[in-house]
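Listed here are the chains, written in short residue letters.
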Amino acid sequence: MAGIEPTRLRTEYTDNPLGIDNPNPRLSWQLISNEQGQKQIAYRIIVTSFDDEIWDSGRIESGQSIHITYEGQPLSSGQRCEWKVQVWDKDGNLSEWSEPAWWEMGLLSQEDWQGKWISADKPALLKDADFFKDDPAPLLRRDFIASKPIKKARAYVSGLGYYELSLNGEKVGEHVLDPGWTTYSKRILYSTYDVTELLQEGENAVGIMLGNGWYNPLPFRMWGRINLREHLTIGQPRATLQLNIEYSDGTMESIVTDESWKVDDGPIIRNSIYLGEVYDARKEQAGWDKPGFDDIGWKQAILTTEPIGPLCAQSAPPIKITHSFSPVLITKSPSDAYIVDMGENFSGWITLHAQGTTGTEIKMVYGELLNPDGTLNANTAACGQIKGDKEPQIPGAPINAYQTDVFILKGEGIETYTPRFTFHGFRYVEITGYPGDLTLDFVIGHRLNSAVEDSGSFSCSNEMFNRVQEIVRRTQLSNMFSVQSDCPHRERFGYGGDIVASSEMALLNFDMEQFYAKTTRDFADTVRTNGGITETAPFVGIDDFGLGEGSGCVEWGAAYLLLQWQLYQYYGDKDILEEQYVTGKRYIELLKSSAIDNIIKGGLCDHEGLTPKAIELTGTAYYFYCVYLMMSIAMILENASDARRYAALAEDVRKAYNARFLDAETGRYDTGTQFCQSISLFLGLVPKEQRSAALSVLIQEVEACDNHLNTGILGTKYLLDVLTNMGQPDLAYTIANQKSFPGWGYMLENGATTLWEHWEKEECTFSHNHPMFGSVSEWFYKALGGIAPHPAAKGFDKILIMPQIVGDLEWVKASYESVRGLIICEWERHGPAIEFNISIPVGATATLCLPTNIPGAVTEGRKLVSLRDDIELVRTEPGWVVYAVGSGSYSFGSVLK
């Protein structure tokens, strides 16, 4: 019997996916074993479809267990495949077959789509003011007959901007705010649902409700200048559906969207991403999505003609309600409004129950803060900083672009309202016009986010760090609505700079493969004609200090290449490197042509740092970083000539950087700030002989700030990393542990439940739900928990375990569910002795660095490691001993003094 067992079979990173459109899906599995040092030496996969074998890989001599490309018979739309795997262990023993897994294909070509795009027949709005008038969300419906017993039914559906699908009066699936936001001229995502149980033999009805979403935004001038309608692909809300029904006798039928569908106005009379909804329950049409409804007064739907991109299967996690909870307090403000405190800042909705007379208007305004008098402060969440003007920006527009929902009662018993086509970032809700007494049980909060799975966990004996970890995770989830946003209220855009700062934090906490693969393609979809990467993806018209034609600055553009590299390191995704290679090369050529003597002159620098910006240093450092990443990608793809060319260019940029910014006598870079020193050291720009001096300058700068940081969006990530990896982990710990300004503890001391955009407690402009300072969680995992991908990792096949025993920490528990399996590093002090529990998944090896001043006293399982021949001693160095270990669970012990 084999010493390993294949488990958790996944297709395209997903458990049993329904509706994928990769014609050659990638298969992965994890391996479990009770033995140390086990590994796979070979595998065999069998795939069947409709009881016929369509691929037998045979025995493949390989340790590979991720990204095995299906190489069987060609697959067709809607085809369901079942697969299993068996493996041979290190001793040549064959495992049992795994439990079977399955996948099902979506619609593989545009020709397979029979459903047409349809919409309501509404005249185009010609004046900006008209967009702020009532414009009811359309209801689309059709009755049909299922003439025979039903064996299987699949709904393939999309809608712009948002849609909600129902069958026979029941909402289909758990997705909300579907589909995910993309550049609609390039790609539109569709979802696949198993709707077999929702259909019935005989009469049926299908309904689709449509919202504006990002496809029909309001013509605000955000910050007085950005009109989203000038930059996004826009139009009237539209839908497409193909409902494929397979009957028990083997015959097929498709119900599709076409001109036969009927359309009418629904009860959502206004809806906007930013401003919220107005829901008039008096306009509800009971049973509109059920069979037998009288739609005689409804109009015919029309085919839409505006050009849009092709339909693609939605592989990134959909947005769902991921947590529901009750408020903690309801009070009355001086103006007699109810103030509902949800207890934490988050993104999503509330459900409100109310009973009153017909026409009663209940207004809900959402914000992050309260004013000193207990009234709502909605300013930090106002769309595009549109607030407090004496006159509306556009006739009919609100003076304050606050997040607001309005619920108009129909006057029939207890009524319930939950938004559909908007979302809010908030902690507090101001409710006016509520009939009667509002109590806690009449309000429910719903957290929404892209439903990424948890991957990591971290806790330690420092309770403040545990609270910081909690608010970092909450902030990240608040900003994942198909794109990773900077904030979930006033902007909601997918900025590259926030991703550069926080992506590795996100990767260690959540399963981000499919989400960040989509993000990478989002940036590719918005590439400018000159090859430039945009500041946001999708592109919304922002190009601060960019490189022309709408491209953004290099610091923000670096997200495009960085994500590709991280997808390779964390998940082994080589395909995306190949897919994006030509676009990456074009970007490097733009940077090269934009540089003057290898110096980039402009950029956004260390946004929200507390020191003057070093603009040219930052732009040039990221120029180097992008070239270095492209060189690394070329090496992985075995493009030797490109790799040599990029290596030479990187060296030229490094020389120009040091000639321009380095004071060789002192080791000071440019103005010598914490940011300048940290980024230079982190990116490897500092000559070897100057690294000690550059570190000394950094330490002096930290000490001059009383051991506080003064870095911004980019430098904060680099500061803690550099100090830790260059022998100053206790100083990094001291910085992270500060409770006074500026720092994470200061946020907590001032009531933060999510991270702020600015280190200061600012209550008018800056967001209080911004992930960019979340890199401290990455430091928790990598430094305190000691878990990181080795620099040479491919899909975490090589792991670096190097826990730092620092400060007053007594214990740390960290784990990470890698693509290959669970990694654990836990440690606890017992006086000078340290106990470590380490787990390495099968398919990976680890470089294990244990802190000790007595290398010969290190034990594993209470036996001296020096007596073990299966744990290789790599080297010893002051304060550390380094081993190479294979998979398995280990109990190590070491002595610090």
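Everything here concerns the structure above.
Residues numbered from 1 in each chain as written. Predicted model: local features only at pLDDT ≥ 70, side-chain atom pairs only at ≥ 80, totals over all residues. Heavy atoms only, no water.

(A) Quick peek at the packing of helix H2 (residues 496-509) against helix H3 (residues 513-525). Two numbers describe how H2 lies on H3: the axes approach to 13 Å, and their chain directions differ by 165 degrees. Taken together, the axes of H2 and H3 are roughly antiparallel relative to one another. Here H2 and H3 pass one another in a crossing that is left-handed. Contact residues: H2 offers Gly 496, Ile 499, Ser 503, Ala 506 and Leu 507, while H3 offers Tyr 516, Thr 519 and Phe 523. Split into classes, the residues belonging to the contact of H2 with H3 amount to five nonpolar, three polar and no charged. (Axes fitted to C-alpha atoms, helices over the stretch in contact; angles between N-to-C directions. Helix = DSSP H or I, 4+ residues; strand = E, 2+ residues; numbered from the N terminus. Parallel < 35°, antiparallel > 145°, perpendicular 65-115°, else oblique. Left-handed = near helix turned anticlockwise from the far one by under 90°. Contact = heavy atoms within 4.5 Å. Nonpolar A, V, L, I, M, F, W, Y, C, P; charged D, E, K, R; others polar.)

(B) Structural view of the sheet that holds strand E46 (residues 859-860). Read across the sheet, seven strands follow the order E35-E42-E43-E44-E50-E46-E47 without closing on themselves; strand pairing throughout is antiparallel. Looking at strand neighbours, the two that pair on one side only are strand E35 (456-460) and strand E47 (863-864), the edges of this open sheet. As paired elements, E46 and strand E50 (residues 888-895) share two bridges and run antiparallel to each other. When the bridges of E50 are listed, Thr 859 appears paired with Gly 893. (Pairing = 2+ DSSP bridges.)

(C) Summary view of H2. For H2, spanning 14 residues, the distance from its first C-alpha to its last is 19 Å, which sits close to the expected 20 Å at 1.5 Å a residue. The sharpest bend along H2 reaches about 55 degrees and sits at Ser 502. Burial of H2 is extensive: 14 of the 14 residues sit out of reach of the surface. (Expected span 1.5 Å × (residues − 1). Bend = angle between axes of the 7 residues up to and from the residue. Buried < 20%, exposed > 50% of the residue type's maximum accessible area, 1.4 Å probe, protein only.)

(D) Region of the structure containing the state of the cysteines. Summed over the entire model, instances satisfying the criterion amount to zero disulfides. In this model Cys 460 remains outside any disulfide bridge; the closest cysteine sulfur is found in Cys 825, 13 Å from its own. By relative accessible area, Cys 460 is classed as buried at 1%. (Disulfide = S-S within 2.5 Å.)

(E) Focus on empty space enclosed by the protein. Using the criterion set out here, one finds seven cavities of 30 Å³ or more in the structure. Contributing to the lining of the largest cavity are 14 residues, with Tyr 162, Trp 214, Phe 423, Phe 481 and Val 483 lying nearest its centre. Looking at side-chain class alone, the lining of the largest cavity contains ten nonpolar, three polar and one charged residues. Along the walls of the second largest cavity sit 14 residues, with Gly 180, Gln 314, Pro 317, Pro 318 and Ser 482 positioned nearest its centre. (1 Å grid on protein atoms, 1.4 Å probe; cavity = no way out; pocket = protein on both sides within 12 Å on 5 of 7 lines; lining within 4 Å. Points joined across faces, edges and corners; volume = space filled by probe spheres on them.)

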